[in-house]
Amino acid sequence: MLLRAGGRRLLAPGLRRVLGGGGLLADPVAVGGGRAYHERVVDHYENPRNVGSFENDDPSVGTGLVGAPACGDVMKLQIRVDESSGKIVDACFKTFGCGSAIASSSVATEWVKGKQMEEVLTIKNSEIAKHLSLPPVKLHCSMLAEDAIKAAVKNYEAKKAKLGQKGKVTAAEKAAEA
Amino acid sequence: MALSRRLLPLLRRGGCLSASASPARALSMAAVPADADQEEAVTVKGVRISGRPLYMDMQATTPVDPRVLDAMLPFYLSRYGNPHSRTHLYGWESDAAVEEARARVASLVGADPREIFFTSGATECNNIAVKGVMRFYRDRRRHVITTQTEHKCVLDSCRYLQQEGFEVTYLPVRPDGLVDVAQLADAIRPDTGLVSVMAVNNEIGVVQPLEEIGRICREKGVPFHTDAAQALGKIPIDVNQMGIGLMSLSAHKIYGPKGVGALYLRRRPRIRVEPQMSGGGQERGIRSGTVPTPLVVGFGAACEIAAKEMDYDHRRATTLQKRLLDGIRGQVDDVVINGSMEHRYPGNLNLSFAYVEGESLLMGLKEVAVSSGSACTSASLEPSYVLRALGVEEDMAHTSIRFGIGRFTTEEEVDRATELTVHQVKKLRDMSPLYEMAKAGIDIKSIQWAQH
């Protein structure tokens, strides 16, 4: 405390100019050495949106589970689809991964809400990466988020198809019994 | 007046912390979230905090002990002579200071001062030890034995030797991090020129059985080199009892200055090395270059202090480590300690939190300076090779955090680090699909993951 108060005084004005008036400490790039997080990534980490789970068995829910613990990245993205309109009404996610992975999946859930299923399939990982200003070494996180969206949609459609088949089978049974 | 103005916000903020109105808190420099109006706030990982992060990364480096700095300053400002100047007082007094420091370093490890050679650090010592010994005896000795958990500089020197045509055996370690001594004895061949096993591991803090290894090496007539950078001043070292032939020492791990280290080279039986630095033949021809008097004096002072305070520091570190571990384990489960608990230096605690990824945990621990063995924090996306050598599963290797406790770590810092860690782990577990699956009873290892 004393050191901090006194330090400012002891620093000669010339030295203060060199340090940019404490600017060296205040500049995140200088502190982080170029590995600083973009404020959007930090925001998604500090205030996560749409973290949660829907019921897996619910017919209106599609679940995409991508990645592998061995790679250090696992994303689970779930969408709730309104059957009649084909629109995604709600989405949630859970992620095991670094800050960029969490942010990428969080952004993915935000972007799919309120869109048609065909529309969300066009979301590209490069858009997510650009939105979060991901450095090259973190681009695979956005790739995984894109995969998660596609997997969720695929899962929903597969479920729908299976339920549709089951519906046909029971109708046939009824007809047979009748 | 300025002092009270700065104290006031701290006292105001004291209300929102657990140890709120205690006088100790008001003067603390530990980091808290910054108020919007504070000018001296620092931005760390995208969030403004005031004060500096708590330093819990003592294995990376340590602060210089003020007593060491006191010893060094005269040699920068008034007694600044080159110790190799033979013709005037400045040189003589500088040389006397270097020799005194040499004696201090030697006495901390039970060696003769003539066996200590100053270098720029432990990395240089490891290079001289590994490459220098093997190149000197290159006609008769072609084999080196080392372990998979050595420091990068030893492993890289061995790889360099392999390119020159030598053979290297990288011994595996047991899951608790200790090397199998019987396996080491079996690996020794007639043409083995060096056995290199580090004393205390920098990542997991495990202490290797130096006396046993030294005994075997002495019996078989092979020089025993140990990288004792993390061990010096922390565990008792006696080069004769432990049969050590070469040893690498570093100053900045024991509260000394950065940029200086020392190589211990046994005289009886004499171990010869080929020098890696050519020049004026300083340090008996082993390491040419002006010996940096202030740094060396600092190193000597640090060793002297360490000799006096080793016991006390060890007991204190043990207490603080227990406090940290109990604090964390009492509030979260599924915490794994990497490395043996019995054979460990207490100031190093490497923990894996299951289902939580290391980099995201570090991102949340803005107010604590720790390091991780996770892939994302290394440049190559590979998890730490030390943890992999322990046989830690890859998903667990991504989750490890290393806490370092040192001479200046306070109980308050440990408590705050515990609090912050527990909070972040809980938050990330809520976000983790693996935790959800584990709680639902699904065996994660049985799932077929979609690789890409």
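Residues numbered from 1 in each chain as written. Chains lettered and ligands numbered in written order. Predicted model: local features only at pLDDT ≥ 70, side-chain atom pairs only at ≥ 80, totals over all residues. Heavy atoms only, no water.

### Re unusual backbone geometry
Residue and element names in this part refer to chain B. Look at the link from Arg 268 to Pro 269: it is a cis peptide, with omega at -5 degrees. Residue placement: Pro 269 occurs in the loop between strand E11 (261–265) and helix H10 (293–331). Backbone geometry at Arg 284 places phi at a positive 55 degrees, although glycine is not the residue there. Positive phi, close to 75 degrees, is recorded for Tyr 355, a residue that is not glycine. Along the chain, Tyr 355 turns up in the loop between strand E13 (348–353) and helix H11 (358–364). (Helix = DSSP H or I, 4+ residues; strand = E, 2+ residues; numbered from the N terminus.)

### Some details on the pairing of strand E3 (residues 47–50) of chain B
Residues and elements named next belong to chain B. Here strand E2 (residues 42–44) pairs with E3 via 3 bridges, running antiparallel. Bridge assignment links Val 44 to a residue of E3, and that residue is Val 47. In this antiparallel pair of consecutive strands, E2 and E3, the connection spans 2 residues, and Lys 45 shows a positive phi of 50 degrees. (Pairing = 2+ DSSP bridges.)

### Quick word on the environment of Glu 146 of chain A
All names here are of chain A. Relative to the helices and strands, Glu 146 resides in helix H9 (residues 139–177). Here Glu 146 falls in the buried class, since its relative accessible area comes to 6%. With 25 residues separating them in the primary sequence, Glu 146 and Leu 121 have C-alpha atoms 8.3 Å apart. Apart from the residues lying within four places of it in its own chain, the contact partners of Glu 146 are Ile 123, Lys 124 and Asn 125. A distance of 2.7 Å separates a polar side-chain atom of Glu 146 from the backbone nitrogen of Asn 125. (Buried < 20%, exposed > 50% of the residue type's maximum accessible area, 1.4 Å probe, protein only. Contact = heavy atoms within 4.5 Å. Polar contact = N/O pair within 3.5 Å; in protein donor to acceptor, adjacent residues only side chain to side chain.)

### Describing helix H6 (residues 122–136) of chain B
Taking 1.5 Å of rise per residue, the 15 residues of H6 of chain B would be expected to cover 21 Å, and the 20 Å separating its terminal C-alpha atoms lies within 8% of that figure. Where burial is concerned, most of H6 of chain B is hidden: 13 out of the 15 residues are buried. (Expected span 1.5 Å × (residues − 1).)

### Some details on a nonpolar patch on the surface
Residue and element names in this part refer to chain B. A cluster of nonpolar side chains, contributed by Val 64, Leu 69, Leu 73, Tyr 76 and Leu 77, occupies part of the molecular surface with about 460 Å² of accessible area. For Leu 73, the location among the structural elements is in the loop between helix H3 (66–72) and helix H4 (74–77). For Leu 73, a relative accessible area of 37% translates into the label partly exposed. (Patch = residues over 30% accessible without salt bridge, like charges linked within 9 Å, V, L, I, M, F, W, Y side chains within 5 Å. Areas by Shrake-Rupley, 256 points an atom, 1.4 Å probe, with all protein chains shown as cover. Salt bridge = Lys/Arg side-chain N within 4 Å of Asp/Glu carboxyl O.)

### Let's talk about the packing of H10 of chain B against helix H14 (residues 411–430) of chain B
Residues and elements named next belong to chain B. Following both chains from N to C, one finds H10 and H14 inclined at 25 degrees, their axes separated by 9 Å at the closest point. As the angle between them shows, H10 and H14 are arranged roughly parallel. Read as a crossing pair, H10 and H14 show a hand that is right-handed. Across the interface between the two elements, Leu 320, Arg 323, Leu 324, Gly 327, Ile 328 and Gln 331 of H10 pack against Glu 411, Val 414, Asp 415, Thr 418, Thr 421, Val 422 and Lys 426 of H14. Its residues assigned to classes, the contact of H10 with H14 comprises 5 nonpolar, 4 polar and 4 charged. (Axes fitted to C-alpha atoms, helices over the stretch in contact; angles between N-to-C directions. Parallel < 35°, antiparallel > 145°, perpendicular 65-115°, else oblique. Left-handed = near helix turned anticlockwise from the far one by under 90°. Nonpolar A, V, L, I, M, F, W, Y, C, P; charged D, E, K, R; others polar.)

### Here's the deal with the sheet that holds strand E2 (residues 73–82) of chain A
All names here are of chain A. Strand order in the open sheet made by the 3 strands is E1-E2-E3, with antiparallel pairing throughout. The open sheet has two edge strands, strand E1 (61–68) and strand E3 (87–96), and neither has a second partner. Strand after strand, the sheet turns through a mean of 15 degrees between neighbouring axes, direction not considered. Sheet analysis places E1 next to E2, joined by 8 bridges and oriented antiparallel. Among the inter-strand pairings, Leu 65 is bridged to a residue of E2, identified as Lys 76. Sitting on the sheet, helix H6 (residues 99–112) is in contact with E2 and E3, with an inclination near 170 degrees to E3.

### A word on the nonpolar core
For soluble globular proteins, nonpolar side chains are generally found buried alongside one another. Counting 63 residues, the largest nonpolar core has Ile 79 of chain A together with Leu 351, Phe 353 and Phe 403 of chain B as the members making the most contacts within it. Looking at this core element by element, the count peaks at 8 residues for H9 of chain A. Leaving out residues up to four positions away in the same chain, Leu 351 of chain B has contacts with Leu 325, Ile 328, Val 335, Val 336, Ile 337, Asn 338, Thr 399, Ser 400, Ile 401 and Phe 403 of chain B. Counting 56 residues, the second largest nonpolar core, distinct from the first, contains Ile 145, Ala 187, Ala 199 and Met 310 of chain B. (Core = buried A, V, L, I, M, F, W, Y, C linked by side-chain atoms within 4.5 Å.)

### With respect to the pattern of salt bridges
Per the counting criterion, the structure on display carries 35 salt bridges over all chains. A salt bridge links Lys 94 of chain A to Glu 436 of chain B; the shortest N-O distance between them is 3.7 Å. A residue pair is termed interchain when its members come from two chains, as with Lys 94 of chain A in strand E3 and Glu 436 of chain B in helix H15 (residues 433–439). Given the relative accessible area of 23%, Glu 436 of chain B is considered partly exposed. A salt bridge links Arg 215 of chain B to Glu 219 of chain B, with the nearest nitrogen and oxygen atoms 3.6 Å apart. Taken together, the residues span about one helical turn, with Arg 215 of chain B and Glu 219 of chain B both in helix H9 (residues 210–220) at a distance of 4 residues. For Glu 219 of chain B, a relative accessible area of 59% translates into the label exposed.

### Brief notes about the side chain of Thr 109 of chain A
Residues and elements named next belong to chain A. By the element assignment, Thr 109 lies in helix H6. A relative accessible area of 0% means that Thr 109 is categorised as buried. Those residues within four positions of Thr 109 in sequence are excluded, and the remaining contacts are Arg 49, Asn 50, Leu 77, Ala 91, Cys 92 and Phe 93.

### Quick look at the packing of aromatic side chains
Residues and elements named next belong to chain B. Counting across every chain of the model gives 5 aromatic pairs over all chains. Measuring from centroid to centroid gives 5.5 Å for Tyr 80 and Tyr 90, while their planes differ by 25 degrees, and the two rings are stacked. In this pair, Tyr 80 is assigned in the loop between H4 and helix H5 (89–109) and Tyr 90 in helix H5, connecting sequence segments 10 residues apart. The interplanar angle of 90 degrees and the centroid separation of 5.5 Å between the aromatic rings of Tyr 255 and Phe 408 together place this pair among those described as edge-to-face. Taken as a pair, Tyr 255 in the loop between strand E10 (246–250) and E11 and Phe 408 in the loop between strand E16 (400–404) and H14 lie far apart in primary sequence, 153 residues in all. The aromatic ring of Tyr 160 is capped on one face by Lys 131, whose charged end is 4.6 Å from the ring centroid. (Phe/Tyr/Trp six-rings, centres within 6.5 Å; stacked < 30°, edge-to-face > 60°. Lys NZ or Arg CZ within 6 Å of the ring centre and 35° of its normal.)

### Here's the deal with H5 of chain B
Residues and elements named next belong to chain B. Taking 1.5 Å per residue, 21 residues should reach 30 Å; H5 reaches 31 Å between its end C-alpha atoms and fits that length. Three or more residues of H5 are buried, namely Gly 91, Ser 94, Ala 97, Val 98, Ala 101, Arg 102, Val 105, Ala 106, Leu 108 and Val 109. Contacts made by the buried residues of H5 are with H4, strand E5 (116–119), E10, E11 and H10. Just past H5, the residue Gly 110 takes up positive phi, approximately 75 degrees.

### A few points about the sheet that holds strand E15 (residues 371–372) of chain B
Think of a sheet as strands paired side by side through backbone hydrogen bonds, with each pair either parallel or antiparallel. All names here are of chain B. Strand order in the open sheet formed by 4 strands is E12-E13-E16-E15, and the pairing between neighbours is antiparallel. For this open sheet the edge positions go to strand E12 (335–337) and E15, each flanked by a neighbour on one side alone. When E15 meets E16, the two strands line up antiparallel, connected through 2 bridges. The partner of Ser 372 across the bridge, within E16, is Ile 401.

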